[in-house]
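A closer look at the structure
Residues per chain, in single letters:
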Amino acid sequence: MIRLLFTLCFTLFFCSLFAQSDDSVLIRKIADEVLVNGTAYSNLHNLTKKVGGRLTGSPQMYKAEEWGQNALKDAGADKVYLQECNVPRWVRGGKDEAKLIVGDKQESLAVLALGNSVGTDAKGITAQVILINTFDELEQRKDEIKGKIVFYNYKFSPKFIETFLGYVDAVRYRGAGASRASKYGAVAVLVRSITNSTDNFPHTGAMRYDNINPKIPALAVGLWDADKIANAIGKNNDVKIFIKTNAHTLPDTVGHNVIGEFTGTEFPDQYITVGGHLDSWDPAEGAHDDGTGVVHSIEVLRALKAIGYKPKHTIRVVLFADEENRGDGGLKYASEAKAKNEKHIFGLESDAGGFTPRSFSFVIAKDKAEIIRSKWIPLLQPYGVYEFSVGYGGADVEPLNSTFGIPIAELNPDSQRYFDYHHSPNDVFENVNKRELELGAINMAALIYLVDKYGFN
Ligand SMILES: [Zn+2]
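This write-up is about the structure you can find in this document. (Residues numbered from 1 in each chain as written. Predicted model: local features only at pLDDT ≥ 70, side-chain atom pairs only at ≥ 80, totals over all residues. Heavy atoms only, no water.)

At a minimum axis distance of 10 Å, the contact between helix H3 (residues 40-51) and helix H4 (residues 59-75) shows a crossing angle of 155°. The angle between the axes of H3 and H4 places the two elements in the roughly antiparallel class. Seen along the crossing, H3 lies across H4 with a hand that is right-handed. Of the residues in H4, those touching H3 at Asn43, Asn46, Leu47, Lys50 and Val51 are Gln60, Lys63, Ala64, Trp67 and Ala71. (Axes fitted to C-alpha atoms, helices over the stretch in contact; angles between N-to-C directions. Helix = DSSP H or I, 4+ residues; strand = E, 2+ residues; numbered from the N terminus. Parallel < 35°, antiparallel > 145°, perpendicular 65-115°, else oblique. Left-handed = near helix turned anticlockwise from the far one by under 90°. Contact = heavy atoms within 4.5 Å.)

Quick look at the structure:
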C-alpha cells in the first residue's frame, strides 16, 4: 500500500511538472531570484536610512536622485539618466506647534502643517475653535466662522473594506477645507488626520488653495488629540487653539525623474514603463509611501536581468519626481514621451505600500481585460495576486493613459495597514516586512514579463 502511494505521488509530481507552462516556469524563476537574491529590502534600507524623507525640492530630493541612479546601475540597467522636471518647493521650516486652551489650562497637540500650507507669523495664531463635521455643516453655520479656527472632525469611515475608499471619502477635507473655511472668515484650519490608525501620529499630505479666498494655515492633528478637542468643545463653549507653523513656499526648482532602461531585443523603441515615486513627505522616511514602489520597480529590472530574460520591448524603470505636491514627474514623463513621438505599450506603478499583494487595478478596454482574467491571474495566484479590477491605474502612470490611450495598472497590496503609516512620522523602514515586499516585486516582474511577451492582443 505504501509503495502504491509512493508511486502515485511520484507520478503526480512528474505529471504536474510536465503540465507546467513555460510561463509558470519562468515566473517561478523570477520568484526564486527575488526570494533568494533579492535586493528590494536592502535597497529600501539604504533609501530610508541613508537618504530618509525626501520632500520635493529639498536637498534630500537630490540625494535620492543620486541614490536612484546608483541603485539602477547596480541592478544592471543598460542605461541610466535623469529627465529634468520643474517642481514646487514647499518648506515646513521647523517644528509645527499647536495647543488646546481651555480656561487657563493648555495642552500640546500632535500636529503637522499640511503640504502647500502657508505659515503663521512668529507669534502664531490663537483663536476660538469651532468644530465642523462636514462641508454641509460648514454651510449651515457659515455665520459663526469669522475669526475662528475651523476644526474639521470628519472621520475616516471604518466601513470600507478597501481602505483607499475611506481615504478618497475623507481626503476632501484636507484638500479643500482651508479655502472653504477661509471663504467665511476662518483664520486657520485644523483637520482630523486622514487615517484609521489607533495612535496619535498626525498625517500630513497635500492641500490646495483656490484662487479666490485668502490663504490660511492648515494643519493635521492626530486622532487622540482630535477626540480631545471634540471632547473639550462638547463640555465648554470657550475653547481656544494656538497654532504656529513656519511653513512657506519658495520658487519652483528643478527636479528629475530618474530613469533606468533594460533595452528590448526586438522592439527597442517600444516602451513598457514600471515605476514608483521617489519623493516623500518629510516627517518620516517615506518607506511605504513610496519607497516600496521605488524598490519594487528597481527589483523588476534586476530580477529579469539576473535570470537572463531578454525582453522584446525596452523596459523602463521610472523613479518619478514630485508625486506628492503637484504630480509633476508623471506629467513630465508622458509629455516628453509625446514630444519625442515614443511608442508606449503599458505603464505599471506601485504606490499603495509594501504589503502582501492581492490584485492589480487596471485601466484597460474591456475586451483586452479578458486575457488578464483568464490567463494571467492564474499564473500570479501562487505568489499572492488572485484578482484584478478595472478603474484606477495610479497617479504617475495615469498621464501615459490619457496621452497615449494605453493600458496602465497599479499593484494593490492588502490595504488594511496602509493608512496607519501614510504621510505620518511612523512611515519608516521598520514597518515594512521583507517577505511581503518581495512578493510585490515578484508579481510586478511577472506582469511585466507577460505584457512584454504577449501584449494585450
Ligand atoms: Zn505615494
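Turning our attention to helix H13 (residues 434-454). Here H13 is 21 residues long and its end C-alpha atoms lie 30 Å apart, about the 30 Å a rise of 1.5 Å per residue gives. Between the side-chain oxygen at the start of H13 and the backbone nitrogen of Arg435 there is a gap of 2.9 Å, and the oxygen is on Asn433. Downstream of H13 by a residue or two, Gly455 has a phi angle that is positive, lying close to 60°. (Expected span 1.5 Å × (residues − 1). Polar contact = N/O pair within 3.5 Å; in protein donor to acceptor, adjacent residues only side chain to side chain.)

Bringing empty space enclosed by the protein into the picture now. Going through the model one piece at a time under the given rule, you end up with 1 cavity of 30 Å³ or more. What lines the largest cavity is simply Ser280, Trp281, Pro283, Ala284, Gly286, Asp289, Glu324, Tyr421, His423, Ser424 and Asp427. Of the residues assigned to the lining of the largest cavity, the class counts are 4 nonpolar, 4 polar and 3 charged. (1 Å grid on protein atoms, 1.4 Å probe; cavity = no way out; pocket = protein on both sides within 12 Å on 5 of 7 lines; lining within 4 Å. Points joined across faces, edges and corners; volume = space filled by probe spheres on them. Nonpolar A, V, L, I, M, F, W, Y, C, P; charged D, E, K, R; others polar.)

Before going further, it helps to examine the coordination of the zinc ion. Summarising the metal site, the zinc ion is bound by the protein donors His277 (NE2), Asp289 (OD), Asp351 (OD) and Asp351 (OD), whose distances to it range over 1.9 to 2.7 Å. For the zinc ion, the 4 donor atoms in the first shell make angles of 52 to 146° at the metal, a pattern classed as irregular. (Donors = N, O, S within 2.8 Å, 3.2 Å for Na, K, Ca; no water. Tetrahedral: all angles 85-135°; square planar, octahedral: opposite > 155°, others 65-115°.)

Below, the discussion takes up unusual backbone geometry. With omega at 0°, the peptide bond leading from Asp289 into Asp290 counts as cis. For Asp290, the location among the structural elements is in helix H8 (residues 287-306). The backbone phi angle of His423 is positive, close to 60°, even though this residue is not glycine. Here His423 is to be found in the loop between helix H12 (418-421) and H13. On the accessibility criterion, His423 (5% relative accessible area) is buried. (Buried < 20%, exposed > 50% of the residue type's maximum accessible area, 1.4 Å probe, protein only.)

In this section: the pattern of salt bridges. A complete count under the given rule lists 30 salt bridges for this structure. The partner of Lys244 in a salt bridge is Glu97, with the nearest N and O atoms 3.9 Å apart. Of this pair, Lys244 sits in strand S9 (residues 239-244) while Glu97 sits in strand S2 (residues 97-102), placing them 147 residues apart in sequence. Here Glu97 falls in the partly exposed class, since its relative accessible area comes to 31%. Salt bridges sharing common partners tie together Lys79, Glu261, Arg316 and Glu342. (Salt bridge = Lys/Arg side-chain N within 4 Å of Asp/Glu carboxyl O.)

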